[in-house]
Amino acid sequence: MLDSLKGFGLTFAHMFRPQVTIKYPDVPHPTAPRYHGRHVLNRHPDGLEKCVGCELCAWACPADAIYVEGGDNTDEQRFSPGERYGAVYQINYARCIFCGLCIEACPTRSLTMSNEYELASDSRADLIFTKEQLLAPLLPGMEQPPHPMRLGDREADYYIAAVETPGASAGAERPQVSETQVQGGRA
Ligand code: SF4
Ligand code: SF4
């Protein structure tokens, strides 16, 4: 009898303690600021793509999760400021372990990782994200490629502009889940 009362007492005491349960997915949990989530292929301020199709990210990936095919830019069909662009770009999230080695290898800061972590799917095919899915959205003032170079005649003009106006690329800094969303549920 005494043991039963002790047991109920313990349960009763816990009823008044603050909840520690995370109510996901109804209430998304904020990540650490530098959390490694879904990848983003960033753009230059005029909308041209930063990816030059060099495949360094694919070679750096320990899980063989990235597939890249480079293509040649022409004056009529220009997708990036350099000679080459990423014609085909895929990341297989059934393989990716979110280590971040690919973004370290990228020479143009084209590839970065966002805080987005809702990637689960019951289809392997749906876990292969294409270039169209990974490309950062066009911000105001950007133009959908292909189009001529707007920031200068030389490829270097793009990288000098990036030094002078840091943060001008699109997609790298996706908004975090805010505390307000956490308290009030999904926006
Ligand atoms: S985060 Fe790691 S595992 Fe995922 S694609 Fe990049 S290098 Fe490969
Ligand atoms: S994302 Fe970066 S490393 Fe990968 S192919 Fe494009 S430019 Fe090269």
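Residues numbered from 1 in each chain as written. Chains lettered and ligands numbered in written order. Predicted model: local features only at pLDDT ≥ 70, side-chain atom pairs only at ≥ 80, totals over all residues.

Undergrad: Is there a simple way to think about the site of ligand 2 in this case?
TA: The environment of ligand 2 is formed by 14 residues, the closest being Cys 51, Cys 54, Cys 57, Cys 106 and Leu 111. Across the shell around ligand 2, the residue classes break down as nine nonpolar, four polar and one charged. (Near = placed C-beta within 6 Å. Nonpolar A, V, L, I, M, F, W, Y, C, P; charged D, E, K, R; others polar.)

Undergrad: Help me understand the site of ligand 1, please; the structure alone is not making it clear to me.
TA: The local shell around ligand 1 holds 13 residues, among which Cys 61, Ala 63, Cys 96, Cys 99 and Cys 102 are the closest. Classifying every residue of the shell around ligand 1 by side-chain character gives twelve nonpolar, one polar and no charged.

Undergrad: Looking at this model, I keep getting lost on the sheet that holds strand 5 (residues 128-130). Mind explaining?
TA: Backbone-to-backbone hydrogen bonds pair the strands of a sheet. The strands run either parallel or antiparallel. Across the sheet, which stays open at both edges, the three strands sit in the order 2-3-5 with antiparallel pairing between neighbours. Looking at the sheet topology across the chains shown, the edges are occupied by strand 2 (66-72) and strand 5. Put simply, the sheet's adjacent strands are angled 20° from each other on average, direction ignored. With seven bridges connecting them, strand 2 and strand 3 (residues 84-92) associate as antiparallel partners. When the sheet's bridge partners are listed, Gly 70 is paired in strand 3 with Gly 86. (Pairing = 2+ DSSP bridges. Helix = DSSP H or I, 4+ residues; strand = E, 2+ residues; numbered from the N terminus. Axes fitted to C-alpha atoms, helices over the stretch in contact; angles between N-to-C directions.)

Undergrad: Sorry if this is basic, but what is going on with the nonpolar core here?
TA: As a rule of thumb, nonpolar side chains are buried together in soluble globular proteins. The biggest cluster of nonpolar side chains holds 19 residues, and the ones touching the most others in it are Leu 41, Cys 51, Cys 57, Cys 61, Ala 65, Ile 66 and Cys 102. Every element with two or more residues in this core is listed here: strand 1 (39-41), strand 2 and strand 3. Among the elements that make up this core, the one with the highest residue count is strand 3 (three residues). Residues in contact with Ile 66, not counting those within four places in the same chain, are Cys 57, Ala 58, Cys 61, Ile 91 and Cys 102. (Core = buried A, V, L, I, M, F, W, Y, C linked by C-beta atoms within 7 Å. Buried ≥ 20, exposed ≤ 12 C-beta atoms within 10 Å, placed from the backbone. Contact = placed C-beta atoms within 7 Å.)

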